[in-house]
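Topology and contacts: notes
Now for the letters of each chain:
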Amino acid sequence: MLEAHRRYGGMGTILVIKVSPESAYQFGELVADPVTNELLHYAEKPETFVSDRINCGVYIFTPDIFTAIQGVSTQRKDRATLRRVSSFEALQPANRSLPTDFVRLDQDILSPLTGKKQLYVYETMDFWEQIKNPGMSLKSSGLYLAQFRFTSPHLLASGDGTKNATITGDVYIHPSAKVHPTAKIGPNVSISANARIGAGVRLVSCIILDDVEIQENAVVIHAIIGWKSSIGRWSRVQASGDYNAKLGVTILGESVTVEDEVVVINSIVLPNKTLNVEEVKIMEKDPECISYLTQQQAVEIDALLMGPSGFSIDQLMELAGLSVASAIAEVYRSTEYNRVLVICGPGNNGGDGLVAARHLHHFGYKPYICYPKRTPKPLYTGLVTQLESLSVPFLPVEGLPQELSNDFDILVDAIFGFSFNGMPRPPFDGLIYGLLSARKHDQTFQRSPVIVSVDIPSGWNVEKGAVNSEGITPDMLVSLTAPKLCAKMFCGPHHFLGGRFVPPSIVDKFKLQLPPYPGTSMCVRIGKPPQADVQAQISLENVEKHGEADPFVQFQKWFDDAVAAGLKEPNSMALSTASKDGKPSSRMIQLKGIHGEGFVWCSNYGSRKAQEISENPHASLLFYWSGLNRQVRVEGFVQKVSDEESEQYFRSRPREIQIGPAVSEQSNVIPGRQFLHQKYKEIEEKYSDGSMIPRPKHWGGYRLIPEYFEFWQGDESQVHLRLSYVAEEIDGKISWRRTVK
Ligand SMILES: NC(=O)C1=CN([C@@H]2O[C@H](COP(=O)(O)OP(=O)(O)OC[C@H]3O[C@@H](n4cnc5c(N)ncnc54)[C@H](O)[C@@H]3O)[C@@H](O)[C@H]2O)[C@@H](O)CC1
Ligand SMILES: [K+]
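Rules behind the numbers
Position numbers for residues start from 1 in each chain and track the written sequence from start to end. Think of it this way: whatever chain is written first is A, whatever ligand is written first is 1, and the rest follow in order. Where local features are concerned, this predicted model is filtered to residues with pLDDT of at least 70; where side-chain atom pairs are given and counted, the filter is 80 or more; whole-chain, interface and lining totals use all residues. Water and hydrogen atoms were dropped before computing side-chain values, which therefore reflect all heavy atoms in the structure. Only rings of Phe, Tyr and Trp enter the pairing, Trp through its six-membered ring, and a pair is recorded when the two centres are within 6.5 Å. The plane angle decides the type: under 30 degrees is stacked, over 60 is edge-to-face, the rest tilted. Numbering of helices and strands starts at the N terminus; helices are DSSP runs of H or I of at least 4 residues and strands are runs of E of at least 2. Only protein chains enter the accessibility calculation, which uses a 1.4 Å probe. A residue is then buried if its area is under 20% of the maximum for its type, exposed if over 50%, and partly exposed in between. Any residue with a non-hydrogen atom lying within 4 Å of a molecule or strand is treated as near it. Pairs of N or O atoms within 3.5 Å make up the polar contacts considered here, provided that, within protein, one atom can donate a hydrogen while the other can accept it, and that residues adjacent in sequence are counted only when both atoms are side-chain atoms. The protein chains shown are the only cover counted for residues, whose accessible areas, like all others here, come from Shrake-Rupley with a 1.4 Å probe. Residues belong to a common nonpolar core when they are buried Ala, Val, Leu, Ile, Met, Phe, Trp, Tyr or Cys residues joined through side-chain atoms within 4.5 Å. A contact between two residues is defined here by any heavy atoms of the two lying within 4.5 Å. Only the stretch in contact is used when fitting a helix axis, every axis being a line fitted to C-alpha atoms; angles between N-to-C directions are given from 0 to 180 degrees. Between 65 and 115 degrees an angle is taken as roughly perpendicular, under 35 as roughly parallel, over 145 as roughly antiparallel, and anywhere else as oblique. In this scheme the crossing of two helices becomes right-handed for a clockwise turn of the near helix relative to the far one and left-handed for an anticlockwise turn of less than a right angle. In this scheme, strands are said to pair when DSSP sees at least two bridges between them. For every residue, the predictor reports its confidence as pLDDT, a number between 0 and 100. Seen with its strands pointing away from the viewer, a crossover is right-handed if its path from the first strand over the helix to the second goes clockwise.

Aromatic ring pairs are defined here through the distance separating the ring centres and the angle between the ring planes. Going through the model one piece at a time under the given rule, you end up with 28 aromatic pairs. Geometrically, the ring pair formed by Phe-552 and Trp-736 is edge-to-face, given 6.4 Å between the ring centres and 80 degrees between the ring planes. Of the two residues, Phe-552 sits in helix α15 (residues 551-564) while Trp-736 sits in strand β37 (residues 733-740), which places them 184 residues apart along the sequence. For Phe-552, a relative accessible area of 5% corresponds to the buried category. Look at Phe-559 and Trp-625: their rings are 6.3 Å apart centre to centre, the planes differ by 75 degrees, and that puts the pair in the edge-to-face class. Here Trp-625 lies in strand β33 (residues 618-625) and Phe-559 lies in helix α15, a separation of 66 residues in the sequence. Put simply, the rings of Phe-552, Phe-555, Trp-558, Phe-559, Phe-599, Phe-623, Trp-625, Phe-709, Phe-711, Tyr-725 and Trp-736 touch in pairs and so form one group of aromatic residues.

Around ligand 1, a shell composed of 23 residues is seen, among which Asp-302, Asp-352, Gly-417, Ser-419 and Asp-455 lie nearest. Measuring from a nitrogen atom of ligand 1, one finds a side-chain N or O atom of Asp-302 at 2.4 Å. The side chain of Asp-352 places a nitrogen or oxygen atom 2.4 Å from an oxygen atom of ligand 1. Protein coverage of the free-state accessible area of ligand 1, which is 870 Å², stands at 85%.

This part covers the nonpolar core. For soluble globular proteins, nonpolar side chains are generally found buried alongside one another. Judged by nonpolar contacts, the single largest core of 37 residues is most densely connected at Ile-328, Leu-354, Ile-369 and Ile-410. Of all the secondary-structure elements, those providing two or more residues to this core are α7 (313-331), β22 (339-344), α8 (348-362), α9 (378-389), β24 (410-414), β25 (450-454) and β26 (476-480). Discounting residues that sit within four places of it in the chain, Leu-354 has contacts with Cys-344, Ile-369, Tyr-371, Tyr-380, Leu-383, Val-384, Leu-387 and Phe-394. Residues Leu-341, Ala-466, Cys-486 and Phe-510 belong to the second largest nonpolar core, which totals 36 residues.

Moving on to the packing of α7 against α9. In contact at an axis separation of 11 Å, α7 and α9 are set at 40 degrees when each is read in the N-to-C sense. One finds that α7 runs oblique with respect to α9. The element α7 and its partner α9 pack so that their crossing is right-handed. Judged by residue contacts, Ile-313, Asp-314 and Met-317 of α7 engage Leu-379, Tyr-380 and Leu-383 from α9.

Moving on, we get to the sheet that holds strand β18 (residues 257-258). Strand order across the open sheet formed by six strands is β8-β11-β13-β15-β18-β21, with parallel pairing between neighbours. Where the open sheet ends on each side, the last strands, each with one partner, are β8 (178-179) and β21 (274-275). Both β8 and strand β11 (residues 196-197) contribute to a ladder of two bridges, which runs parallel. Among the inter-strand pairings, Lys-178 is bridged to a residue of β11, identified as Arg-196.

Okay, the sheet that holds β24 next. Backbone-to-backbone hydrogen bonds pair the strands of a sheet. The strands run either parallel or antiparallel. With mixed pairing, the seven strands of this open sheet are ordered in space as β23-β22-β24-β25-β26-β27-β28. Single-partner strands in this sheet number two, and they are β23 (366-370) and β28 (523-526). The average undirected angle you get between the axes of adjacent strands in this sheet is 20 degrees. Pairing of β22 with β24, which is carried by five bridges, proceeds in the parallel orientation. Residue pairing across strands places Ile-343 opposite Asp-413, the latter belonging to β24.

What follows is about the confidence of the model for the protein. Per-residue pLDDT for the protein has a mean of 86; in total, 89% of the residues score no lower than 70. Considering each helix and strand of the protein separately, the mean pLDDT is smallest for helix α13 (residues 531-537), with a value of 46, and largest for α8, with 98. Confidence drops under pLDDT 50 across residues 531-536; counting only partners more than four residues distant or on other chains, this segment forms eleven contacts.

Bringing unusual backbone geometry into the picture now. Pro-187 follows Gly-186 through a cis peptide bond whose omega is 0 degrees. Within the fold, Pro-187 resides in the loop between β9 (184-185) and β10 (189-191). That bond from Pro-426 to Pro-427 is cis: its omega, 0 degrees, falls within 30 degrees of zero. Its location among the elements puts Pro-427 in the loop between β24 and α11 (428-438). Within the chain, Asp-211 stands out as a residue other than glycine whose phi angle is a positive 60 degrees. Relative to the elements of secondary structure, Asp-211 occurs in the loop between β12 (202-208) and β13 (213-214). Relative accessible area serves as the criterion here: at 30%, Asp-211 is assigned to the partly exposed category.

The pairing of β22 with β23 spans five bridges and is classified as parallel. Bridge pairing in β23 links Val-342 to Ile-369. Assessed by its sense of winding, the connection that carries the chain from β22 through α8 to β23 is right-handed.

Structure (C-alpha cells):
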C-alpha cells in the first residue's frame, strides 16, 4: 500500500475492500477511477447503494493532511466568530453540534477532496475485519492471538497448572499481571497490565484490561472487563458469545465492582457502578426468572393452545390484541399520544394489530391502519369490517406520509411475529425502513413517535434479534404468551407480557416461568421501568466528575437523559422576559432546537413576550426535568431569526399545526372560542386541496444566545449540585468558565 501511495503521488491513500452489495451500506462507500485509482466519490453509510468498495479505515497520508485538518478547523472557527458578531438575520441555521475543533475525516476531508487528484484508493484482496461493535473486538482479539502463534509465539502464555495457571488455546498475559496457578485460562483470553487473577478463576474468551482484579472462583466468559474493575468471589460475568448480537458480549465499563456471588449475563454495565445481588435482580430481565421461547417452542405452544387446550384462534387473537392495547394505554396516555398508526402484516401478528386498533379506538386513541396484504379468511375480513364500522381509516402504503414522525405519535409494529424468517420482502421491507427512519431524531428536538412492537420487533430474527444490529429499536415490546429469545436483546424502556390465557398444562410441559398478572390486568411489565435506570447513574459525584467543558454538550447530554428516561415533553421550557421597566413575566413554551449557537423557539411576533423582547432582549429559559431531579437555566439575549429560517421552521411543522398560527392573533382580544374554530375551519377548507399554507408574517423564530448556563442536580440528601458556565470573551473568542458549587 505504501508503494502504491508513493506511486500515486497524492496526499492520501485509502485502503478499500470489496464487500457484498447488501452489507456495503454499513460503511463508507467509494467510487474510484478504475485506471488511475483516483478517488472520485465518497459516501458515508449511504441510504442507496453507491458502490461495493468500502473504506477499511486504514489510511496513508503525507504530512499535508495536517494542513487540511487545520484548514477545516480554522474555517469553522471563523464561522463561529462571525456568528457571534454579525446580525442573526444573516445566518444560516448552522450545525451547532460541532465544536470548532471537531473535524470529521469522512465528511470534512475526504468528500471535499474527491476528484481533485489528492486522494487514491488501494484495494486489498487480503483479510479484513470491521470492529464496529464491542463483540467484534473480542472476535478480532482472538484473530490477533491466533496470528501471534505464527509471528511471535513467545508472547503466548503456556502452563499446565503446576507452576503457572492451566492455559488452553491462545492466551496473552502481560508480564506485570499476577495469575494464580490454580486458575484456568483460555482460549482467546488477553490479560493486560497489573491484572490480578485469583485462585480457581475460570476465564474464557475475554479481554481483561489494566488493573482489573478477579477474585477466587469467579468465572468470566465472552466478556470485556474495563480498567480497574473488580469481580467478587464466586461471581459470573458472561454472555452468549454471539459477536453480532447487541448484548452477545458482556461489557463492564471502567471501575465497575461486581460483588461476591453475583451473576451478570448479557449486559453492558456503565462505568463506576457497583453490582450487588439486589441491584442485579432488578437490573436484569433475569433469564432464570422468565422463560424465553425458541421459534420452535412458540410454534408448538401455538398448536397446543388451539388443539388440546380448546382455544380458537379468534379468542387468542382477541386476548393478544387487547393485551397490546392495554400495555400501550398503561404507558402512553391518549391525551398526549393520540394518533396511532398500526402497521399490520399478513399473518396472525397483523391480526393482533387489527384487534389492538379496535380497542385503542374504544380507549380514546385515533388509530389509522396500514394493512397492505390482506388475508381473505372470515376472521380477518370480520376484523376489518369491525374497524370500518368505527370509521377507522385504512391507508394504502402509497398514502402514508413520507415522514411518519410528523403525523403519528405511536407506530404499532404488527408486521411479523414468530413465524418470520429470512429478510423482509416488499412492501414490508419499506414499511420497516419507515419505522427505522422515524426514529432518527435530529437536532430539532421534536418528539419522534414511539414504536410499539407486537411480540417480535419486525425484521428481527425470532431467536437472534436484530441482524447486524441494524434493526428497528422499539420503545415498547409486548411479548405474547411468553417472550421469544430475541426479546433478550430488547433494550427499550418498556417490555410487557400479554396473553393471559396460558393453561397449567402448557406451563408444566414447557416448564414456563412467567410473572403473575396483577389484578384484572391484561398485561404485566417485565423488567423495571426506565426512569430508575437513568437515575441509578446519577450521583453528584458523577455529575461533578463528568461535567463537560462546553455547556452546549452538557445540555445535549442531559437532554438525551431526559428523553431516555421517557419524561414527558422534555423540550418544554419556561421563558421569562421583562418589560423595559423590569417587570418580569413567564410562560411555558417548546424548544424548537439549538441552531446557530442559540436556543430557538417559534412564536407570534405580536405576543406579550415579543413585545417585552423588543423592549428588553434579556431573557431566561428554564428546563425542569422532575423525574431526574434536574433543572437547567439558560440566560442570555434574544433576537429574531431570519425570515428564511422562520420559513424553514414553519415548513417542518405538520400541516394541521401550520393552520394554528394563521388562526390566532395571539393575545389580541377575540370575540370567543367559537370565532377561532370558525376561522380554523375556513383556513382548513381554503387549503384542503393540499396547496401550501403560507406562513403568517406575525409568526417566526426567536433565538436566545446564552451568556450563562446553570445545571442543577438535586439530591435526596438535600446536598444539591450546581454546574455553572459563564461566557467570557478572550481575544475575540468566546470561552466558558465552569464552576461547581
Ligand atoms: N400462539 C400464540 O400464543 C398466539 C399468537 N399470536 C400471534 O401470532 C403470531 C404468529 O402468527 P403467524 O404464525 O401467523 O406468523 P406471523 O404473524 O409472524 O407472520 C407470518 C406471515 O408473514 C409472512 N412472512 C414470513 N417471513 C416473511 C418475510 N421474510 N417477508 C415477508 N413475509 C414473510 C408469512 O408468509 C406469513 O404470511 C405471534 O407472533 C403472535 O403475534 C396471537 O394472535 C395469539 C396468541
Ligand atoms: K411485530
